[in-house]
Structure formats: C-alpha cells, structure tokens
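Coordinates in review
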Amino acid sequence: MLATMPDVQTDRDKGSYSPPAVVAQLQRVSKVFGEVQALRNLDFSVRAGELLALLGPNGAGKTTAVKLFLGLMRPTAGTVSVLGGNPVHAEVRTRIGAMLQVAKVPETLRVREHIDLFSSYYPRPLPQDETLAIAGLQEIKNRPFGELSGGQKQRVLFALALCGDPDILFLDEPTVGLDVEARRGLWEQIRKLVARGKTILLTTHYLEEADALADRVAVINRGEIIAEGTPSEIKAKTCGRRIRCFSSLAIETLRAFPGVADVRMDRDAYEIRVAEAEPVLRELLRRDSTVHGIEVVGAGLEEAFLALTQNGSSGPQTPGRQ
Amino acid sequence: MATAATTIHAPVLDRPFGQTLAIYAKEAKFEFLTRLRLRVFSLSTIGFPVMFYILFGLVLNGREAAVDGTHFATYLIATFGTFGVMGASLFGTAAGLATERGLGWLQVKRASPMPPFAYFAAKVVMSMIFSAAVVLSLFALGVTLGGVHLTAMQATKLLSILVLGSLPFCAMGLAIGYFAGPTSAAPIIQLFYLPLSVCSGLWVPLMLLPKVLQKLAHFLPPYHLAQLALGVVGAGQQESAWSHWAVLIGFTLICLGVARIGFQRDEGKTYG
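Here goes a summary of the coordinates provided. All residue numbers refer to positions counted from 1 along the written sequence of the respective chain. Chain A is the first chain written and ligand 1 is the first ligand written, with later ones labelled in order. pLDDT decides what is reported in this predicted model: residues at 70 or higher carry local features, side-chain atom pairs at 80 or more are listed and counted, and totals for whole chains, interfaces and linings draw on all residues regardless. In computing side-chain values, all of the structure's heavy atoms are included and hydrogens and water are not.

Notes on the overall build of chain A
Elements are defined by DSSP. Helices are runs of H or I of four residues or more, strands are runs of E of two residues or more, and each kind is numbered from the N terminus. Counting its secondary structure elements, chain A contains 12 helices and 13 strands. A simple rule labels every residue: compare its accessible area, found with a 1.4 Å probe on the protein chains alone, to the largest value its type can have, and call it buried under 20%, exposed over 50%, or partly exposed in between. When burial is assessed residue by residue, chain A has 54% of its 322 residues classed as buried. Throughout, a contact is declared for two residues whenever any of their heavy atoms are within 4.5 Å. Within chain A, residue pairs in contact and separated by at least 24 positions form 67% of the contacts whose partners lie at least 6 positions apart. If you sum the accessible surface of chain A, you get close to 14100 Å²; carbon and sulfur atoms cover 47% of it. Every accessible area reported is derived by Shrake-Rupley at a probe size of 1.4 Å, with residue values counting cover from the shown protein chains alone.

Dropping the structure here:
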C-alpha cells in the first residue's frame, strides 16, 4: 500500500529515463491453499498505461495473482496494492474492471441489461452506447446471454469489465477457448482500451497473444516469475534463434559448437537452436565449405516459453529473476 | 488484518444514498427478470402449488366439502399457499446462490463495487414477489371455482402473512445455497421441501394425519406458518399466534447463522 509512492520516487531518481508510476503491485506475496503453494514470494508490478501479459501454463498461479489484485483473495504473506489502496475496499474497486473465467452467467438477461446493471455499480460509468461500441456488441445488445456464441459471451464479460470506465483492468484468460477469428476480434477491442490510456494486466497461456498485445511480459511458472521483459527481450533471453541448413558435418560436431543449445534433423536439414546466430554461422562456414541453404529465423515465443518453463526456477536461463 | 466478518462491511463507499437505493432496486429488478424468464423456475414455482390445489381442493373434493367444520377449498388455500411460498423461497434463493457461487458469477459481482447485500436482498425480494404471485393465483382459483369466500380484510391478512412467511424459507435457502454445489442444490431442496410439507399438514389437513405426525408437526417451521395462515380463515389449531411467530423468527435466525458460517467459510476459501 505504501510502496507506490517511494517506488515512483526511486524511478525518478534514475534521471534520464523515468518509467510510468506503478499502479498495481504484489510485494513478496505468497499464497498457500492447504498443501499447495500457489504463489511463492512474488514481486511483481504493473505500470500506468502499459499492457502487461502474465504468461504461464495452467496451474502456474496466474488466476491466483489476478484474484489477489481484485481483493477476492488475501495473500498468505506479503502486500497487495492497487491504485495505492487495498482492493477489498469499494472505493478502489470503483476504479478497477475485472474479467474472470466464469462457467455460467445468468442466461436469460439480455446483453444491454447485464451492462445496465454493472454500469450502475460505478460512480461514473461510460455511456451504455460507448460500452457497446468498444466491445462490439451493438448488433446483439438485445439478445439474451444464453443465445450468444462463445466469442460474443467473452465480449459481454469484457464489456462488464470496462463499463465502469476503470483506470486499470484485470483480464483473466480473456480469449480462452475462442477460435482464431473471435480471438483476434477481442484483441482489437483490448487494443482500443490501451489506446484510451487504460492500464491492463492480462493473463494468458497463449504465447501468440502475449506477443501480439503486450508491452511487457512476465512469465510465471509454479508460482514464481521466471522471466520479465518485452516480448522480444524474452525471446532474446532464451534460445533466441533457429538456424536451418544442409551440412556435411556430423550432428555431434554441431552439438559441440559453442553457443548451440540443441540440434535436430528435419528430413535432410539440420535445425540448430542457438542463443546468437552470428558466432555459430561463422564457425559453421569456416568448418564446412559445403554448407548451403542457410536460413535464420527468430525462435517463437513458444520456444522461449518452453525453454523457460522446462528449466524451472533455477539455472542460467531464468534471466528475469535476480 | 480484517476478518471475513468485516469484509462485507469494509467496502464502505462514499456513495449517495439515492444511488445505493437505485442499485438495490436494479439488482432486484434484474434478479426478478432473470427468474421470470427462466421457465423451469417461473412455471414450476407457480404451477405446482396451483396444480395440487386444483387436484386436492377442487377436483377430488366437492365444492361443499368440509373438514372439522372448515370449508375444504378455503383450508387448502392457506396450506397450499404455505407450500407455494416455501417452494418459491427455497428454490428462489438456494438454487441461484449455489449455481452462481459455484460457477464463478458471484466472484465477478464481488470484484465489482456492487454493495454485497444488494445481491442477497435481490434474491429475497424476488422470492417474495413469486410468493405473492402463488398466493394470488390460489385466491383467484378458489374464489372463481372453489366457492371460497374471503373478505378483503381476510385476503389482505392472508397475503401479508404468507409473503412475510417467505423470509424464514429464504433464510433456509441461503443456508442451503452456501453448502450445496451447483448440481446438488435442487435435489437437496427437494429432500427438505416435500417431507416438510407433508409432515406439516400442507397437503393433507393435519387432523387426518396419524397422531405421531400431528405431534411432530409442532417442530416444523412450515406448520407454524400454515397455522398463522389458517388462523385468518378461522381454521387454526387455537394456539397463540405469538408462539408461531416466535418459532418462525427463531428458525430464521438459526438459518441466517448457518448461512453466515457458509459465507465465512467461502470468504476463507476464496477471499481469505
């Protein structure tokens, strides 16, 4: 609670670059459910105006983190602060929007009725037409919730999160279970909110989603943040590149090259996963004059993510944690 | 660290009273609409008591049938009225609460700045509206087809007692809703609803039941509500009305206590 201001101060003291203020923060937060440690000593903050993606596999602790931010749970240890206050208080909640995973929403209420009700909870809600427009619901505003498609249902829940014109939104797996088209549609709407200057924390286990939307990504696994940075930083911090080539060298030789993480055969070609491409390419060209068909591609966030989560919370490949 | 008990009071917001009132009203309105449009609920809540009343009160017995000097169709308005109120209140609160609690919707509402009591109040108000609808339907049937004579005073008193009598069963519903899962809520309600109704003399007048059941009935809350209702049409057991009210109030408080334990247990699990 108290940490918000000093944090801003420290950032300003750095001089030339001052990142935006911290608006939501978990400080040394642990959460234990019976025998299960859902979060371990988590330190994690969201800055004003950014879209931060909390990326991790199922059971990593993403939803727990969101529920702590929303005041729906209390930490076993540590401090949670949102907008300088405790999220269990309604005055803080009037500035927060939340989209949670819900198995069943009252189905007989119409879209506009759901929005009407949730808007009434907030002191200064958006005009209903604006909420409908941002979430792309004008066409279906009179439809009962139960008659909507999966994508439309998610958009209604999204509308409920934004209708109160909150400063910060927590979106827990907003596109889970949606097809590609519906997912991209929701991404567009999330981008509209970012353009309005909202701060957003979004959880996802879709790497593509974090890559497409986030200013910053925090990778969480087994209740710990194991990497943090821009999407490209995350990729660069792990086995960042993939070299594809035809070579007469033996696979063992290639594996022994400095900087090579892994080599596999793909039909007749080699696929070499490397941290940095250039030193490996120089070595390759020097050792094998017949090498041809060289392609270098950036490894996807998928690979970065796999590498990060497989290595767990120890070893050199957990760059985000110092 | 605030305890779970204070959590519900903690989110005090500087919200104008008028706006808070508007939220309560809107919450109740949409809760009512949700249930009204849910045909399984609206049709069975009103349909079952009406159907049984037609069967037992109008079809199987003649217009003139009487029991202990009381017109049968009139007697059964009071008891099936109690039966209907119980159903509307138990299903109205418990089923919705168990589902919304178990399947995540209540959490979405709790994450918003909704005043927490608005949620419960809406369920109670909705149950009372459905209770009134059941009782008025029985009046209409009894007067038009059953040869029932009710003075305006009697009708008003009967309606008021029965609608007020919804409260103990709403409290019971909240208690069940906090301990039942989304799928088990309805069977659990049935487990209480039907035996309690029969043993309290709501289906078959008490004096036609075995002596053991007549004694047992005194321990059952629906019996006491039915006696208050029967008192209005001059067919009660001649016990003091205050004893009936006392039992109902006591029962309400016990149920609210149980619901509170469930609420706190929930807070401990999800918010604690």
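Back to the write-up after that little detour.
A short note on the layout of surface pockets
All names here are of chain B. Computed over the protein atoms alone on a 1 Å grid, cavities are sets of points where a 1.4 Å probe fits but cannot get out and pockets are open sets with protein on both sides within 12 Å along at least five of seven lines; a residue lines them when it has an atom within 4 Å of a point. Grid points are joined across faces, edges and corners, and a volume is the space filled by probe spheres set on the points. Each pocket or cavity is described by its volume, and for the largest pocket that value is around 670 Å³. Lining the largest pocket are 30 residues, and of these Arg35, Leu38, Val40, Phe41 and Ala95 sit closest to its centre. Counting residues per element, the ones that place at least two in the lining of the largest pocket are helix H2 (17-37), helix H3 (39-59), helix H4 (72-102) and helix H9 (185-199). A per-element tally of the lining of the largest pocket places H4 first, with 9 residues. The nonpolar class holds Ala, Val, Leu, Ile, Met, Phe, Trp, Tyr, Cys and Pro. Asp, Glu, Lys and Arg form the charged class, and all remaining residues, Gly among them, are polar. Tallied by class, residues from the lining of the largest pocket come to 16 nonpolar, 9 polar and 5 charged.

Points about the packing of helix H5 (residues 128-135) of chain A against helix H7 (residues 180-195) of chain A
All names here are of chain A. For the pair H5 and H7, interaxial distance at closest approach is 8 Å and the crossing angle is 125°. Judged on the interaxial angle alone, H7 and H5 are oblique. The residues of H7 that touch H5, namely those facing Ala133, Ile134 and Ala135, are Gln189, Lys192 and Leu193. The angle between two axes is taken between their N-to-C directions and runs from 0 to 180 degrees, where each axis is a line fitted to C-alpha atoms and a helix contributes only its stretch in contact. Put simply, angles under 35 degrees are roughly parallel, angles over 145 are roughly antiparallel, angles from 65 to 115 are roughly perpendicular, and the rest are oblique.

Examining the pattern of salt bridges
Working definition: two side chains of opposite charge can pair if their charged atoms are close together. One speaks of a salt bridge when a side-chain nitrogen belonging to Lys or Arg is within 4 Å of a carboxyl oxygen belonging to Asp or Glu. Tallied over the entire structure, the rule returns 20 salt bridges over all chains. As a salt-bridge pair, Glu113 of chain A and Arg37 of chain B come within 2.8 Å of each other at their nearest N and O atoms. You can see Glu113 of chain A sitting in helix H4 (residues 111-120) and its partner Arg37 of chain B sitting in helix H2, one on each of two chains. By relative accessible area, Arg37 of chain B is classed as partly exposed at 24%. Arg216 of chain A serves as the salt-bridge partner of Glu228 of chain A, at 2.8 Å between the closest nitrogen and oxygen. Linking Glu228 of chain A in strand S9 (residues 224-229) with Arg216 of chain A in strand S8 (residues 216-221), this pair joins segments that are 12 residues apart in sequence. Looking at Arg216 of chain A, the relative accessible area reads 17%, which means it is buried. Taken together, the shared-partner salt bridges connect Arg242, Arg244, Arg264, Asp266, Arg267 and Glu271 of chain A into one network.

Side note on the interface of chain B and chain A
Frequently, the measure chosen for interface size is the accessible area removed from exposure when the parts meet. With 34 residues of chain B at the contact, the number on the chain A side is 34 residues. The term buried area refers to how much accessible surface (probe radius 1.4 Å) is lost by two components on association, counted for both of them together. Overall, the association of chain B and chain A removes approximately 3200 Å² of surface from exposure, summing both partners, and the carbon and sulfur fraction of that is 62%. Three residues, Phe30, Arg37 and Trp105 of chain B, lead the burial of chain B against chain A; their summed loss comes to 20% of the area buried on that side. Counting across the chain B and chain A interface gives 2 salt bridges. Between Asp116 of chain A and Lys26 of chain B there is a salt bridge whose closest N-O contact spans 2.7 Å. For this analysis, a polar contact is any N or O atom pair within 3.5 Å, provided that within protein one partner can donate a hydrogen and the other can accept it, and provided that sequence-adjacent residues contribute only side-chain to side-chain pairs. At the boundary of chain B and chain A, one finds 11 residue pairs in polar contact (both at pLDDT 80 or more). Secondary-structure elements contributing two or more residues to the side of chain B that touches chain A are H2, H4, helix H5 (105-111) and helix H12 (241-271) of chain B.

Brief notes about the nonpolar core
What is meant by a nonpolar core is a set of buried Ala, Val, Leu, Ile, Met, Phe, Trp, Tyr and Cys residues, joined one to another through side-chain atoms within 4.5 Å. Among the nonpolar cores identified, the biggest contains 93 residues, and Phe44, Phe69 and Phe170 of chain A are the most heavily contacted of them. It is helix H6 (residues 150-162) of chain A that provides the largest number of residues to this core, a total of 7 residues. Every residue in contact with Phe170 of chain A, bar those within four places of it in the chain, is listed here: Ala24, Val66, Phe69, Leu70, Val82, Ile96, Gly97, Ala98, Met99 and Leu201 of chain A. Judged by nonpolar contacts, the second largest core, of 57 residues, contains Phe130, Val135, Val232 and Leu248 of chain B.

Remarks on the pairing of strand S6 (residues 168-172) of chain A
Residue and element names in this part refer to chain A. Here S6 lies mainly inside the structure; 5 of its 5 residues are buried. Here S6 shows two buried faces, one formed by Ile168, Phe170 and Asp172 and the other by Leu169 and Leu171. Sheet topology note: the strand S5 (residues 96-99)/S6 ladder contains 4 bridges and is parallel. Opposite Ala98, over in S6, you have Phe170 as the bridge partner. Here a strand pair is declared whenever DSSP counts at least two bridges between the two strands. Sheet analysis places S6 next to strand S7 (residues 199-204), joined by 5 bridges and oriented parallel. Paired with Phe170 across the two strands is Leu201, which belongs to S7. Handedness of a crossover is defined as follows: with both strands directed away from the viewer, a clockwise route from the first strand across the helix to the second makes it right-handed. After leaving S6, the chain enters H7 and then returns to the sheet as S7, a path that is right-handed.

Section: empty space enclosed by the protein
In this structure the tally under the stated criterion is 4 cavities of 30 Å³ or more. When its volume is computed, the largest cavity comes out at roughly 100 Å³. Pro106, Leu109, His114 and Leu117 of chain A together with Glu27, Phe30, Glu31, Thr34, Glu100, Trp105, Lys109 and Tyr119 of chain B together form the lining of the largest cavity. Elements represented by at least two residues in the lining of the largest cavity include exactly H4 of chain A together with H2 and H5 of chain B. When residues in the lining of the largest cavity are grouped by element, the largest group, 4 residues, is from H2 of chain B. Of the residues belonging to the lining of the largest cavity, the class tally is 6 nonpolar, 2 polar and 4 charged.

Nothing here speaks to function; it is all geometry.
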